[in-house]
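Fold and contact review
For reference, the chains in residue letters:
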Amino acid sequence: MNAVAASDRAPAEAVFLLGRLVVVPDHSGALWLPDERTLVVADLHLEKGSSYARRGVFLPPYDSAATLATLSAAIARHAPTRVIALGDSFHDREADIRLGEDNRATLQRLQAGRDWLWVTGNHDPQIGAAMGGDSAATVDLRGVTLRHEPDAQETGFEIAGHLHPAAKIRMRGRALRRRCFALSARRCVMPAMGAYAGGLNLRDEAFRPLLGPGFSAHLMGDARLFRIDPRLLLPD
Amino acid sequence: MPAPSPLPPAFDDWFASRGWTARPHQLALLDAARAGRSTLLVAPTGAGKTLAGFLPSLVELTERSGKREGLHTLYISPLKALAVDIARNLDAPIREMGLASTVETRTGDTSAAKRTRQMQRPPDILLTTPEQLALLVSHRDAAPFFSSLRRIVLDELHALVTSKRGDLLSLDLARLRSLAPQVSAVGLSATVREPADLQRFLGGSETPAGLVTVKGGAAARIGILQTPTRLPMAGHTTGHAMGAIYEAIKAHKLTLVFVNTRMQAEFAFQALWTINDDNLPIALHHGSLDATQRRKVEAAMAEGRLKAVVCTATLDLGIDWGDVDLVVNIGAPKGASRLMQRIGRSNHRMDEPSQALLVPSNRFELLECRAALDAVAEAAQDTADARIGALDVLAQHVLGVACSDGFEADALYAEICTASPYAGLARADFDAVVHFVATGGYALKSYERFAKLRQDKAGHWRASNAKIIQQYRMNVGTIVESTMLKVRLGRGRAGKPGEPSRVTRGGRILGEVEEYFAETMTPGDTFIFAGEILRFEGIAGNEAICSRAPPGTDPKIPSYNGGKFPLSTFLAARVRAMLANPGEWDSLPEEVSSWLHAQRLKSRLPQPGELLVETFPRGGRFYLVAYPFEGRLAHQTLGMLLTRRLERAKMRPLGFVCNDYGMACWGLGDMSAAIARGALSLDELFSQDMLGDDLEEWLAESALMKRTFRQCAVIAGLIERRFPGQEKNGRQVTMSTDLVYDVLRRHEPEHVLLKATRADAATGLLDIKRLGQMLTRISGRIVHQPLDHVSPLGVSVMLEIGREAVYGEAADEILAEAEAMLTEEAMA
């Protein structure tokens, strides 16, 4: 056998079933639905940087470009016929107006030749027409509801964002905190893709009603996703 | 006839009434002040420095016949407590001479009403700190307020100039020289290596202050503590010497026991109380303890109720808390000048010798103590080089000036260049900083409409609105606390057997620990804090919840988190010379000289100017030990970079440890064999290009670098100390600045803030500068010694394993290991 570093030994692409829907978590933070040829992304928070700038906090104005670059790479990898952005795609109601020329052009290029659906979120209850695509509050795919904010009352299957799940582990004396997917039998909570989006620890109360005991956490490494036993996850 | 006195009669009478005469250096300062010259006074403790500093002001205030003309003298001290102390000390001469001068302090504790009143009706003499000065200088009325200023007194100047606080202070001094051209400054300092650096700091880069030196009083009586037990090979607890230290405490009136870290303080305090059969009042004082507890200890010291205080650098500076007659320094001194200042804490009168005992914890430290003793005997100094002004501090200052009356760029640039740390500031860097403050300074100009600074038609820069000024005032200063967790003693409730005990919140706060320390613990771990052994129960919000461990529990978490101060280059050179010269070994304790003889026999001694590298197998693993003597920070960076290179060379490194003297790394590949067959070259391994791509790659993910960036970002005002919406939990800020760092590094690597971060990393936590100098020095002079066993010197480095292990920072490796734990379980 060839000696390879442990981190390169990626297990075969992990495939899961939510009801009748096949879902494949992607290490970019996107969720690939191969049967639907659909790519789902959550919480892009475009123009979060310039939102702070309005208050005199000049974060580097490259977050939208960085986020769109991540999105572009995921789209290039899967060539979806449809992209669904699962809400909070824009950090505030004027974010679409502030979005720079280059980023607009990138977005238009990504939208060309495929369906594009903005699911609305609490940060972006309305999407400006100039941003292209359609918008809706929820979508149903093969009996799975896609919505921005997970609904604890949901009795069927659900894919949601909103909470920005992140997980923390400690190994070799070093603590690591990474964005992650949280997957249970009935629900997938997706990580935020926005470059400046923070993360909420999976051990936070907010996740308790959403994830049963048998959930799995898929942490975003640099090269791939890592599936970590929930018992190893630490609170902040 | 005697020469007419230079002093007004009231002063002569006062000196006479106490049986004193004014000392020559006090009169020299008076002369210089009358001629409008700035002066640096270098004097040992007890030389009447404070009075010398204030004498010209008091005389002048008396001579101007009581007419109030606004603020006359500004006194700046590094510590709030010191300013308060000085106010008390000035009270006596002023009262006894019947002077009309008014003295007030202005600190963070001063009420808003009093601040406002001080701006309208300033005292003659105002005592304050660098941060408060920055706030005054940025005040709308700074110009009229300071227009009458004649004198600035800077206390403990040697301590002020070594940090970013010094950078900020130098900029504010430059401002004061512009606002009050008639002002002159007096700097009070302990002995330093390069007084010329301080003279330039004080007077301005082009107009250095004069120098008055008072030769040190009685020579200190310093010895190395003799203990009946043999010195250990490694370790930092100094447990072997506690009995002897206890005896020394008994034999003196008040002893200060200095240690280098808070952890060592905890250990020493605990160990002394274990053997305290006489119930001597021994107290503990360090920066992490609750402030009220510290105040209690200080008061007890001043009242003479204590026999000994175990303390860290928090008591380094010149406050007289009591009649200290012995200083004990546990562990290596790390720097000769620091040692001398600590020793000066005892016998605070010039004509009596200070008494001090050095207590090495291990054999390397004994060599270091010897080197320090020699340095003290020669009065050789190793204070740090003068700083190059930090750009993040400059950004804060530029915003401050904009908040007062605004500035013309050309004039402000010229003014800033008179501040000695910024004498070499490039105009391009200055302009970049101004643009950073105004709109973030990004190549992508998208924040113009939100600009914090705006230029009027005449080119004058001003803060855009009142909210900016308010933001600035909330964020002033250069001290960025590492994220701290409060340690709360919860009330424990025993759980069922096999279940973790439940601890409720609501107990007493014992103090604070750094977050990263708490992160290394898992519930159930025990550690020493505030003199007790605590059981860590978990983190809740901003608190580390703990319970009291049952009696007899051993603390599990190592109590040493590394010396705060790395070994000075100067002492390192002396230790190296001592190692290379067997003639000097006879005077060393037997266990130390035989240790060195054994090293010579079994391996070789590291010679000055070369780098000794040993390789050997041990327990199925292969080790490489190098002895650069460059301090643990530089060694840690070296270890990080070296393991990357060994990884590429297929040596499969597993980890490394380091101390101040050497670094050991180990792995699964046989390095001796690889070197012998030419597959691994030490010259290439240690070549200077390590500081190129390897460094860049590592910095991209280094937690230390991200922490450095966060500090720069806060100081520069990119993000606020209290990030909007996240006031509740400082720990979320760490995450956010990491994201900002990643984005900025990828999209604008030449941004001024990254430049500031790299400059910090070069001298700060990563000590890249020193590593670079070492790599240059040893280039082509690496001596390889393959061995069958670990060498005697190597043992001392390797014993850090398990205590201090540091691993690579590649995140995916760590994630993969965590993932594998799941797989193993599934396969079992």
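Residues numbered from 1 in each chain as written. Chains lettered and ligands numbered in written order. Predicted model: local features only at pLDDT ≥ 70, side-chain atom pairs only at ≥ 80, totals over all residues.

With respect to the overall build of chain B
Heads up, the condition is: By the criteria applied, helices consist of DSSP H or I runs no shorter than four residues and strands consist of E runs no shorter than two, each listed in order from the N terminus. Whether a residue is buried, exposed or partly exposed follows from its count of other C-beta atoms within 10 Å of its own C-beta, namely 20 or more, 12 or fewer, or something in between, respectively; the C-beta atoms are built from the backbone. What counts as a contact here is a pair of residues whose C-beta atoms, placed from the backbone, lie within 7 Å.
A count of helices and strands for chain B gives 32 helices and 26 strands. Within chain B, the fraction of its 828 residues that count as buried is 49%. The long-range share in chain B, meaning contacts at least 24 apart out of those at least 6 apart in sequence, stands at 74%.

Quick word on the packing of helix α9 (residues 164–179) of chain B against helix α16 (residues 391–403) of chain B
Residues and elements named next belong to chain B. We count it as follows: For every element, the axis is a line fit to its C-alpha atoms; helices are fit only across the contacting stretch, and the angle between N-to-C directions ranges from 0 to 180 degrees. In this scheme the crossing of two helices becomes right-handed for a clockwise turn of the near helix relative to the far one and left-handed for an anticlockwise turn of less than a right angle. Residue classes follow a fixed rule: Ala, Val, Leu, Ile, Met, Phe, Trp, Tyr, Cys and Pro count as nonpolar, while Asp, Glu, Lys and Arg count as charged, and any other residue, Gly among them, counts as polar.
Between α9 and α16, whose axes approach to 9 Å, the crossing angle comes to 35 degrees. Seen along the crossing, α9 lies across α16 with a hand that is right-handed. Contact residues: α9 offers K164, D167, L168, L171 and R175, while α16 offers V393, Q396, H397 and V401. Taken together, the residues of the contact of α9 with α16 sort by class into four nonpolar, two polar and three charged.

Observations concerning the interface of chain A and chain B
Taken together, the contact pairs 38 residues of chain A with 42 residues of chain B. Residue assignment for the side of chain A that touches chain B shows that the elements contributing at least two residues are α1 (48–53), α2 (63–78), β11 (165–171), β12 (174–183) and β16 (225–228) of chain A.

Some remarks on the domain arrangement of chain B
We count it as follows: Here the limits of each domain have been adopted from an automatic or database domain assignment.
Looking at the assigned domains, one finds that chain B contains domain 1 (9–213), domain 2 (221–377), domain 3 (391–479 + 703–762), domain 4 (484–548) and domain 5 (603–701 + 766–813). Computed over C-alpha atoms, the centres of domain 1 of chain B and domain 2 of chain B are 32 Å apart.

Some points on the confidence of the model for chain B
Residues and elements named next belong to chain B. Let me state the cut-off plainly: On a range of 0 to 100, pLDDT expresses the predictor's confidence in each residue.
Put simply, chain B has an average pLDDT of 84, and 87% of its residues get 70 or more. Scored below 50 in pLDDT, residues 558–563 makes 20 contacts in the model with residues more than four places away or belonging to other chains. This prediction of the complex comes with two scores: 0.84 for pTM and 0.89 for ipTM.

Here's the deal with helix α30 (residues 768–778) of chain B
Residues and elements named next belong to chain B. Here is the rule we go by: Taken from the helix axis, the directions to the C-beta atoms give the arc we talk about.
Turning to α30, its buried residues are I768, R770, L771, M774, L775 and I778. The arc that holds every buried residue of α30, seen down its axis, measures 160 degrees, which confines them to one face. Packed against the buried residues of α30 are β22 (611–618), α23 (632–648), α29 (752–763) and β26 (782–786). Where α30 terminates, the next one or two residues include G780, which has phi positive at roughly 80 degrees.

Thoughts on the sheet that holds strand β25 (residues 663–667) of chain B
Residues and elements named next belong to chain B. As a reminder, the rule being used: What makes two strands pair is DSSP finding at least two bridges between them.
Read across the sheet, five strands follow the order β24-β25-β23-β22-β26 without closing on themselves; strand pairing throughout is mixed. If you trace the sheet from one side to the other, it starts and ends with β24 (653–658) and β26, each paired once. Adjacent strand axes in the sheet meet at a mean angle of 20 degrees when their direction is disregarded. Summarising the sheet, β22 and strand β23 (residues 621–626) pair through six bridges and their orientation is antiparallel. Following the sheet pairing, F616 is matched in β23 by Y623. Across the sheet, α23 lies against β24 and β25, angled at about 165 degrees from β24, the strand it touches most.

Digging into the confidence of the model for chain A
Scored by pLDDT, chain A has a mean of 90; 93% of the residues are at 70 or more. This model gives residues 1–10 of chain A a pLDDT under 50, and the stretch forms ten contacts once residues within four places in sequence are excluded.

Thoughts on the sheet that holds strand β2 (residues 73–76) of chain B
Residue and element names in this part refer to chain B. Reading across from one edge, β3-β4-β2-β5-β6-β1-β7 is the order of the seven strands in this open sheet, with parallel pairing throughout. Only two strands of the sheet have a single partner each, and these edge strands are β3 (103–106) and β7 (210–213). The average angle at which neighbouring strand axes cross in this sheet is 20 degrees, direction not considered. Sheet topology places strand β5 (residues 151–154) next to strand β6 (residues 184–189); four bridges connect them, and they run parallel. Note on β6: the bridge partner recorded for I152 is A185.

Focus on helix α21 (residues 569–580) of chain B
Residue and element names in this part refer to chain B. This is how the line gets drawn: A helix is expected to reach a length of 1.5 Å times the quantity of its residues less one.
Helix length check: α21 (twelve residues) gives 17 Å between terminal C-alpha atoms against 16 Å at 1.5 Å per residue, within 8%. All of the buried residues along α21 are L571, A572, R574, V575, R576 and L579. Contact partners of the buried residues in α21: α14 (336–343), α15 (363–377) and α22 (590–602).

Focus: the nonpolar core
Where we set the bar: Throughout this description, the term nonpolar core refers to a group of buried Ala, Val, Leu, Ile, Met, Phe, Trp, Tyr and Cys residues whose C-beta atoms join them within 7 Å.
Grouped together as the largest cluster of nonpolar side chains are 286 residues, with contacts concentrated most on V40(A), V257(B) and V310(B). Ignoring any residue separated from it by four or fewer positions in sequence, one finds V310(B) in contact with V257(B), V259(B), A265(B), A268(B), F269(B), L272(B), I282(B) and L284(B). In terms of nonpolar packing, the next biggest core, distinct from the first, is built from 13 residues, V513(B), F529(B), F536(B) and A549(B) among them.

Section: unusual backbone geometry
Among all residues save glycine, negative phi is the norm, and among peptide bonds the norm is trans. Residues and elements named next belong to chain A. The phi dihedral of H45 falls on the positive side, at around 45 degrees, and the residue is not glycine. Given 28 C-beta atoms within 10 Å, H45 falls into the buried group. The phi dihedral of H162 falls on the positive side, at around 70 degrees, and the residue is not glycine. Mapped onto the elements of the fold, H162 is located in the loop between β10 (157–160) and β11. You can call H162 buried: it has 22 C-beta atoms within 10 Å.

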